[in-house]
Amino acid sequence: MMQDYKILIQNFFDTFAFYEIALMSALFVVFLLFFMLGLLLRGRKFFPKFFFFLSVVLFIGTPFLLQFCMQRVLYKTDVEVLQSKRLEYIDSFFLQANIKNIGFAPFSLCEVSVDILHDGFLKPLSAIYPKHHYTQTIPLILTPGQSQEFQLIFNDFTPTLPFDYALYIDCHNSNGLHKLLQTPNHTESSAPHADVPAQP
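We now turn to the structure provided with this report. (Residues numbered from 1 in each chain as written. Predicted model: local features only at pLDDT ≥ 70, side-chain atom pairs only at ≥ 80, totals over all residues. Heavy atoms only, no water.)

Scanning all chains against the criterion turns up twelve aromatic pairs. Seen from their ring centres, F93 and F154 are 6.5 Å apart, and the 50° between their planes marks the pair as tilted. Taken together, the residues F93 in strand β2 (residues 92–101) and F154 in strand β5 (residues 147–155) connect sequence positions 61 residues apart. With a relative accessible area of 1%, F93 lands in the buried category. Aromatic pair F157 and F163: ring centres 5.6 Å apart, planes at 55°, arrangement tilted. (Phe/Tyr/Trp six-rings, centres within 6.5 Å; stacked < 30°, edge-to-face > 60°. Helix = DSSP H or I, 4+ residues; strand = E, 2+ residues; numbered from the N terminus. Buried < 20%, exposed > 50% of the residue type's maximum accessible area, 1.4 Å probe, protein only.)

Okay, here's the thing in structure tokens:
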């Protein structure tokens, strides 16, 4: 459990590359501008409350705005699933897809997640609490306009057919922190290409 939290924290700070730092700095400057305007206009009736309100909204909404800019603008991707299946004789899920960088910035890492959806009336809850969650982080260095095919195998895959799943791919640049903090004996469990075990 502690190892999972450690990896989560490392991945979080690893995403702060030049573009994210510049965007956060710009948002912070705007926040300070609204806040200072609220202080300077304290003698007025309407303007102080208005600018204080804007500063609070910006402060609360910054994480959501940052995530939107990263996923929908800077590191936007177009994903085409070529093949996906549960392997028959081993508890694994095979995914083959092609990903294209249609954003405005290059990225070097992608987190690929497969969520198994609930059945029946619980299905709407799958967006925030899936039945099963599998994820891998793979190195994919793509500049805007480039595309690459990748293959992954998710091991310890317990769901049995039939099931519905949702695929999420979140790409970002890296500042190298995650690689720097890795121990020399650590090996990556994921790779852009994986061999599919032969089915008898």
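Following the structure, the description resumes.
Bringing the pattern of salt bridges into the picture now. As enumerated under the stated definition, the model contains three salt bridges in all. Salt-bridge contacts for R86 lead to D91; the nearest nitrogen and oxygen are separated by 3.0 Å. For R86, a relative accessible area of 17% gives the class buried. Measuring nitrogen to oxygen at the nearest pair gives 3.1 Å for the salt bridge that ties D164 to K123. Taken together, the residues D164 in the loop between β5 and β6 (165–172) and K123 in the loop between β3 (107–116) and β4 (132–142) connect sequence positions 41 residues apart. K123 sits in the partly exposed class, given a relative accessible area of 37%. (Salt bridge = Lys/Arg side-chain N within 4 Å of Asp/Glu carboxyl O.)

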